[in-house]
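Spelled out, the chains give:
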Amino acid sequence: MVNNKTVLAIVPARKDSKRLKLKNLRIFRGNPLFYWPLILSKKSKHIDEVVFTTDSESMYSKAKKNFQILDYTRPKNLAKNDSLASDVILDVLKKISLKFEYFIYLQPTSPLRTVRDIDNSLKMIETKKGNTLVSVTENSKKPNGMIYVSRTEFFLKKKSFKNKKIILFKTPYRRSIDIDYIKDLDHAKIIF
């Protein structure tokens, strides 16, 4: 919880990807990439529950075995190359039985994200009374994929993180890596 408001973490991980094959299964610091947002969610002071959304039975069973996650099955039509993150999020929010004031969307492709990033972003959106928050690399206004937070009610209505008063959560350039190619993963390993 953040200021007595409940928080859900949504962790997406498709079985395959367009640019880097089996990306979410690539090993970083001894664990597959899809483990890291689950590990950090468990360590967070503010995250109450976690949904792991995937089209991979193998990844789901591993996540279920090693982490406390809510029951959820991603529909096949939301596991395609052109599936939108917003549609995946909406499906999760509509199907799970529990209701949360906030959700945070944590992609496995930002392995240099920290639990402090997560907790500080959640505190910031509550303190500033914003509807949405996205992480950006310092000196930039372009989202870097590390963190997306929204008031659940706002997202269900607008179906997007975009709004006039979006909060920008700045992250250091050195850690703002979004893995799309093998060179990105190699770079992250060097930095760590």
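Here, every reference points to the structure presented above.
The shown structure was predicted, so the numbers you read here are calculated from the model rather than taken from an experiment.

1. Digging into the nonpolar core
Formed by 39 residues in total, the largest nonpolar core has its most connected members in Leu38, Ile47, Phe52, Ile104 and Ile147. Take this core: its biggest share by element is five residues, from helix α1 (residues 35-43). Counting 18 residues, the second-largest nonpolar core is a separate cluster that includes Val51, Leu93, Val136 and Phe161.

2. Description of helix α4 (residues 115-127)
For α4, which comprises 13 residues, the first-to-last C-alpha distance of 18 Å matches the rise-based estimate of 18 Å (1.5 Å per residue) to within 8%. Within the span of α4, buried status applies to Asp117, Ile118, Asp119, Ser121, Leu122, Ile125 and Glu126. Contact partners of the buried residues in α4: β1 (7-12), α1, β5 (102-105), β6 (132-137), β7 (143-151) and β8 (167-171). One or two steps after α4, the chain reaches Lys129, where phi turns positive at roughly 55°.

3. Examining the layout of surface pockets
Considered as a void within the structure, the largest pocket measures approximately 1000 Å³ in volume. Looking at the lining of the largest pocket, the elements with two or more residues in it are α3 (85-95) and β7. When its residues are assigned to classes, the lining of the largest pocket shows 15 nonpolar, nine polar and eleven charged. Put simply, the second largest pocket is a space of about 340 Å³. Around the second largest pocket, the lining is made up of 13 residues, and of these Thr137, Asn144, Ser176, Ile177 and Asp178 lie nearest the centre. Residue assignment for the lining of the second largest pocket shows that the elements contributing at least two residues are β7 and α6 (182-191).

Quick notes on the rules
Residues numbered from 1 in each chain as written. Predicted model: local features only at pLDDT ≥ 70, side-chain atom pairs only at ≥ 80, totals over all residues. Heavy atoms only, no water. Core = buried A, V, L, I, M, F, W, Y, C linked by side-chain atoms within 4.5 Å. Buried < 20%, exposed > 50% of the residue type's maximum accessible area, 1.4 Å probe, protein only. Helix = DSSP H or I, 4+ residues; strand = E, 2+ residues; numbered from the N terminus. Expected span 1.5 Å × (residues − 1). Contact = heavy atoms within 4.5 Å. 1 Å grid on protein atoms, 1.4 Å probe; cavity = no way out; pocket = protein on both sides within 12 Å on 5 of 7 lines; lining within 4 Å. Points joined across faces, edges and corners; volume = space filled by probe spheres on them. Nonpolar A, V, L, I, M, F, W, Y, C, P; charged D, E, K, R; others polar.

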